[in-house]
Amino acid sequence: MGEMIVSLDEDIRLDTTRARFSSLLKRHRELTGRLSRDSDKTIFDRLSKEFEAARTSQIQEVCLDGEEWNDGLLATLRERVHMEADRKPDNGNAGFGLLSHPEERVTYRVGNKVIFCLEGARIGIQYETSFAGETYELYHCVLESKSFLEKMTVLEHTIPFFLPLRDLESDLLCSNAKKFIDNVGELLQAYVDRREQVRLIKELYGNQIRELYHSLPYHMIEFAIDDCDCKVMVSLRYGDLLCELPTKVRVLAWPMMMHHQFKRQCTSPRFGKLGSQTIPVRLSFAEDALRIQSLPEAYAEIVVNMPQEIEQIFL
């Protein structure tokens, strides 16, 4: 059902938070524009061409499953690219961009990742993202090390700047490179999934949704629903950027006194003092749906059940 909020202070704080959130969103958009200009596009275009050339020249793509993708294979790939780099000065092909030995022109597919051996003792990972069965963006990450015995580092990448790639590099790449590669793929897929969930509810229910705000990684999402007898504020937080479902949910409802029919109902004895009710109510049924379903699925269930739930709550 619902849980009555006992203080107006939280209502006031919500308005203040939304105003600040709107200002931050504007600044984020400006920052995104500045950080995704020519330099980033140049890197993206260059890496896209290099990875496409590597895919074109491959003689085989090996699909790995389960335990086949392990630290041992990654160590073999590292050794291979360093051996090829050591041979280059001897065979005069230093400017040739792809590995020249047939056994080394093999790529490895692991889930949404394709792993390439690149010239210059580099390992490239191409991440393929998807949503609802459709393919979305490709992202690239290039790893290198000065020797087989030294740690790998991220040389360059096309991963959005607002995702914590450098934190993952610092925490995992030295100690567990396989886990680093896997986590980057999960991070990108979760980001695309959250983003597309928001895009889909805007596309399907844009006439019902107001005041939609979100952070750049879509780990903070807020919007209002006005298509009912109450104004409903939905607040979602994703405590882990690897999550596709929110870890913290709050749904609050206020009566919409501007609706003429609802206003007449509020004066009837059946609704008691609803007409003077300004304290928001938590909608537990909506919060439960948002915790376990994708945003579009949960939204559809909420708007169907909203009228009955609102009437029961305020009665």
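Refer to the preceding data block for the structure.
Keep in mind the model is a prediction, meaning the values are calculated, not measured.

Draft legend 1. Structural context of the side chain of Lys-113. Following the sequence through the fold, Lys-113 ends up in strand 4 (residues 113-118). Residue Lys-113 is classed as buried on the basis of its relative accessible area, which comes to 7%. At 3.2 Å, the side chain of Lys-113 forms a polar contact with the side chain of Asp-182. When near neighbours in sequence (up to four residues on either side) are disregarded, Lys-113 contacts Trp-69, Tyr-108, Ile-125, Gln-126, Tyr-127, Ile-181 and Asp-182.

Draft legend 2. Structural context of unusual backbone geometry. Of note, Ala-132 is a non-glycine position whose phi angle comes to about 55 degrees, a positive value. Tracing the backbone through its elements, the reader meets Ala-132 in the loop between strand 5 (122-131) and strand 6 (134-144). Not every positive phi belongs to a glycine, and Tyr-218 is a case in point at roughly 60 degrees. Mapped onto the secondary structure, Tyr-218 falls in the loop between strand 8 (209-214) and strand 9 (220-225).

Draft legend 3. Representation of the nonpolar core in the model. Core analysis: the biggest nonpolar cluster contains 64 residues, and Leu-143, Phe-180, Phe-223, Val-232, Leu-283 and Leu-290 have the highest contact counts within it. Counting residues per element, this core draws most heavily on helix 5 (residues 177-205), at 11 residues. When we break this core down by domain, the ones giving at least three residues each are domain 1 (40-86 + 105-193) and domain 2 (206-262 + 276-314). Excluding residues within four positions of it along the chain, Val-232 makes contact with Phe-223, Ala-224, Ile-225, Val-251, Leu-252, Ala-253, Leu-283 and Met-306. Among the nonpolar cores identified, the runner-up in size contains 7 residues, and Leu-47, Val-114, Phe-116 and Val-142 belong to it.

Draft legend 4. Broad picture of the environment of Leu-138. By the element assignment, Leu-138 lies in strand 6. Its relative accessible area of 34% is what places Leu-138 among the partly exposed residues. C-alpha of Leu-138 to C-alpha of Lys-113: the two residues are 25 residues apart in sequence and 9.8 Å apart in space.

Draft legend 5. Seen up close, the packing of aromatic side chains. Within the structure shown, the criterion is met by 6 aromatic pairs. Here the aromatic rings of Phe-161 and Phe-162 are separated by 5.3 Å at their centres, their planes lie at 75 degrees, and the arrangement is edge-to-face. Ring geometry for Phe-223 and Tyr-299: centres 6.3 Å apart, planes at 50 degrees, overall tilted. Of this pair, Phe-223 sits in strand 9 while Tyr-299 sits in helix 8 (residues 295-314), placing them 76 residues apart in sequence. Note on accessibility: Phe-223 and Tyr-299 belong to one class, buried.

Draft legend 6. Geometry of the pattern of salt bridges. Inspection of every chain in the model, using the stated rule, returns 18 salt bridges. Residues Glu-156 and Arg-46 are paired through a salt bridge, measuring 2.7 Å at the closest nitrogen-oxygen approach. Pair noted here: Glu-156 is in strand 7 (residues 153-157) and Arg-46 is in helix 2 (residues 38-57), with a separation of 110 residues, a long-range link. With a closest N to O distance of 3.3 Å, Arg-55 and Glu-61 form a salt bridge. Take Arg-55: its relative accessible area is 23%, and that puts it in the partly exposed class. Through salt bridges that share partners, Glu-137, Arg-195, Glu-196, Arg-199 and Glu-203 make up one connected network.

Draft legend 7. How the structure looks around helix 7 (residues 284-292). For helix 7, the set of buried residues is Phe-285, Ala-286, Glu-287, Ala-289 and Leu-290. In this structure, the buried side of helix 7 is in contact with strand 10 (230-237), strand 11 (248-255), strand 12 (281-283) and helix 8.

Draft legend 8. Structural detail: the packing of helix 7 against helix 8. Viewed as axis vectors pointing N to C, helix 7 and helix 8 meet at an angle of 165 degrees, and their least axial separation amounts to 9 Å. As judged from the angle between their axes, helix 7 and helix 8 are roughly antiparallel. Crossing geometry of helix 7 relative to helix 8 is assigned as right-handed. Along the contact surface, helix 7 presents Phe-285, Ala-286, Ala-289 and Leu-290, while helix 8 presents Leu-295, Ala-298, Glu-301, Ile-302, Asn-305, Met-306 and Glu-309. Here the residues of the contact of helix 7 with helix 8 are counted per class, giving 8 nonpolar, 1 polar and 2 charged.

Draft legend 9. Layout of the pairing of strand 10. Burial runs high along strand 10: 6 of the 8 residues are buried. As paired elements, strand 9 and strand 10 share 6 bridges and run antiparallel to each other. Residue pairing for strand 10: Ile-225 is matched across the bridge by Val-232. Pairing analysis gives 8 bridges linking strand 10 to strand 11, with the strands arranged antiparallel.

Draft legend 10. Spatial organisation of helix 5. With 29 residues, helix 5 ought to run about 42 Å at 1.5 Å a step, and its terminal C-alpha atoms sit 42 Å apart, in line with that. The buried count for helix 5 comes to 21 of 29 residues, which makes it a mostly enclosed element.

About the criteria used
Residues numbered from 1 in each chain as written. Predicted model: local features only at pLDDT ≥ 70, side-chain atom pairs only at ≥ 80, totals over all residues. Heavy atoms only, no water. Helix = DSSP H or I, 4+ residues; strand = E, 2+ residues; numbered from the N terminus. Buried < 20%, exposed > 50% of the residue type's maximum accessible area, 1.4 Å probe, protein only. Polar contact = N/O pair within 3.5 Å; in protein donor to acceptor, adjacent residues only side chain to side chain. Contact = heavy atoms within 4.5 Å. Core = buried A, V, L, I, M, F, W, Y, C linked by side-chain atoms within 4.5 Å. Domains from an automatic or database assignment. Phe/Tyr/Trp six-rings, centres within 6.5 Å; stacked < 30°, edge-to-face > 60°. Salt bridge = Lys/Arg side-chain N within 4 Å of Asp/Glu carboxyl O. Axes fitted to C-alpha atoms, helices over the stretch in contact; angles between N-to-C directions. Parallel < 35°, antiparallel > 145°, perpendicular 65-115°, else oblique. Left-handed = near helix turned anticlockwise from the far one by under 90°. Nonpolar A, V, L, I, M, F, W, Y, C, P; charged D, E, K, R; others polar. Pairing = 2+ DSSP bridges. Expected span 1.5 Å × (residues − 1).

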